[in-house]
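If you want the building blocks of each chain, they are given just below.
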Amino acid sequence: MLTRLFGALAIAVAPSFTIIAQEAAPKLTGFRWKIEMLALDANEGCAIGDLNGDGKNDVIAGRNWYAAPDFKPRPIRTIEDWNGYVESNGDFIMDMNSDGRPDVVAGSFLPTQVYWYENPGSEGWRLGQTWKKHLLVDTGASQNEAQLMADIDGDGKPEWVVNSWNKKNPTVIWRFTKRQPTKENPAVYQLEKAVVGAEGNQHGLGVGDINNDGRIDVLIGSGWFEQPASDAWTKPWKYHADWNIQGSIPMIVKDVDGDGLNDMLLGAGHDFGLYWWKRKQTKQDEALAFEEIVIDKSFSQPHALALVDLDGDGVDELVSGKRYFAHNGGDPGGKDMPEINAYRWTGSGFTKSVIEQGHVGVGLQIAVGDLNQDKRNDIAVAGKSGTFILINQPAEK
């Protein structure tokens, strides 16, 4: 069990140590970043995908989509402001009506409804129309921190997993299942509810095989739910209270050091600290145990993380940064300037490379993809410091 992270808690663990070194140059070797602000509002969700079928990746971010190559704003939907936030906590791309055009699925902080927004096609793009709004499901659950879309059961279709900051809210997986479309709602998918934990929610969310049994588990701030060996949607998921944290979204499951045990990469969503939790060998009936290794504690609120190969060497870099004004400046370091960084695995630890400091932070999602057709992975982020694209460029010759 690991219970010391993010504060003084009851059970002691092995001492942690830092394995981070700042590179001499504040950038990944051989790379430059071209940074462009697309908008300034309080929206914190974004995604990358080809929305208009021209073979170029576009950006979705809250109220707008930004078509390559000029990335000028084009409307998707209207969203209300709420208490220093925009009432939206994530954008996801899915063709909901099987017409070949990607649509947008989005949830909210307090409203219980999940909606999908229908891609209008060429005439709607030409006229700059907002996308038609359809109710996907009323979850009945409020106080939603964020959500993930991931294939939990290995059937090739994603599931919708919502995280709540309210510990009394159930942990729920929503399954995209087939439905009969109607004229009013042309969706061919609906969301069906599967409760994996009646209570036990808490800030932080991840999906991955944390116990190396070959099945995808669900991780939350207060522990993890073990997927059963069969009939995942009808059998109970075993809950393991192996930690107690206020974690990032996502918390990433990955065998970082290649020792055959899946570890976790995670951030303190509303405090200082980006961490590698290195799995320790334990017996089958014992709680999972980790060694807490600090990656970076120089900035606060690493609320969102992403793994992406930035330098083309086949090894993913870890990308994270400061979620600017996550609690309207009330968190530790909450009024510090935003920043975004990449961390390269060296084989024994991580080295830090500053992508940008002072302007670009992260919100609730870090989107990755090739935005300029040069076969390099680029980054899009949306937060209260603005919506940005970060173009990964080759070094000058």
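Before reading on, note that the structure itself is shown above.
Since the model is a prediction, treat every value here as computed from it, not as a measurement.

Q: I tried to follow the pattern of salt bridges on my own but got confused; where do I start?
A: Opposite charge on two side chains makes pairing possible when the charged atoms of those side chains draw close. Evaluation of the coordinates by the stated rule reveals 16 salt bridges. Between R323 and E145 there is a salt bridge, with its nearest N and O atoms 3.7 Å apart. Of this pair, R323 sits in the loop between β26 (317-321) and β27 (339-345) while E145 sits in strand β13 (residues 144-150); the two residues are 178 residues apart in sequence, bridging distant segments of the chain. Neither residue differs from the other here; R323 and E145 are each classed as buried.

Q: Hey, could you run me through the nonpolar core in this one?
A: Counting residues in hydrophobic clusters, the biggest one holds 17 residues, and the most contacted among them are M96, V105, L136, W160, W174, F176 and L191. Of all the elements in the fold, those that place two or more residues in this core are β9 (91-94), β11 (113-118), β12 (132-138), β14 (159-164), β15 (171-178) and β16 (189-197). Per element, the largest residue contribution to this core is 3 residues, and it comes from β15. In this structure L191 touches L136, V137, W160, W174, R175 and F176, once residues within four positions along its chain are discounted. If you look at the next biggest cluster of nonpolar residues, it comprises 16 residues, including V308, V360, I379 and V381.

Q: In this structure, what is going on with the sheet that holds β9? I would like to understand it.
A: Each strand in a sheet pairs with another by means of backbone hydrogen bonds, the pair being arranged parallel or else antiparallel. Spatially, 4 strands are ordered β9-β10-β11-β12 in an open sheet, and the strand pairing comes out antiparallel. Only two strands of the sheet have a single neighbouring strand rather than two, namely β9 and β12. Each strand axis lies, on average, 30° off the axis of its neighbour in the sheet, ignoring direction. Examined bridge by bridge, β9 and strand β10 (residues 103-106) share 4 bridges and lie antiparallel to one another. Looking across to β10, one finds that D91 is bridged to A106.

Parameters at a glance
- Per chain, residue numbering runs from 1 following the sequence as it is written.
- For this predicted model, a pLDDT threshold of at least 70 governs which residues receive local features, and a threshold of 80 or more governs which side-chain atom pairs are given and counted, while totals over whole chains, interfaces and linings are taken from all residues.
- Only heavy atoms go into the side-chain values, all of them from the structure, while hydrogens and water stay out.
- Any carboxyl oxygen of Asp or Glu that lies within 4 Å of a side-chain nitrogen of Lys or Arg is treated as forming a salt bridge with it.
- In DSSP terms, a helix is any run of H or I states spanning at least four residues, a strand is any run of E spanning at least two, and both are numbered starting from the N terminus.
- Accessible area is worked out with a 1.4 Å probe on protein chains only. A residue is then buried under 20% of its type maximum, exposed over 50%, and partly exposed in between.
- Within this scheme, the nonpolar core is defined by two criteria: the residues are buried Ala, Val, Leu, Ile, Met, Phe, Trp, Tyr or Cys, and they are joined through side-chain atoms within 4.5 Å.
- We call two residues in contact when some of their heavy atoms are within 4.5 Å.
- Being paired, for any two strands, means DSSP has found at least two bridges between them.
- Think of each axis as a best-fit line through the C-alpha atoms, taken over the contacting stretch in the case of a helix, with angles from 0 to 180 degrees between the N-to-C directions.

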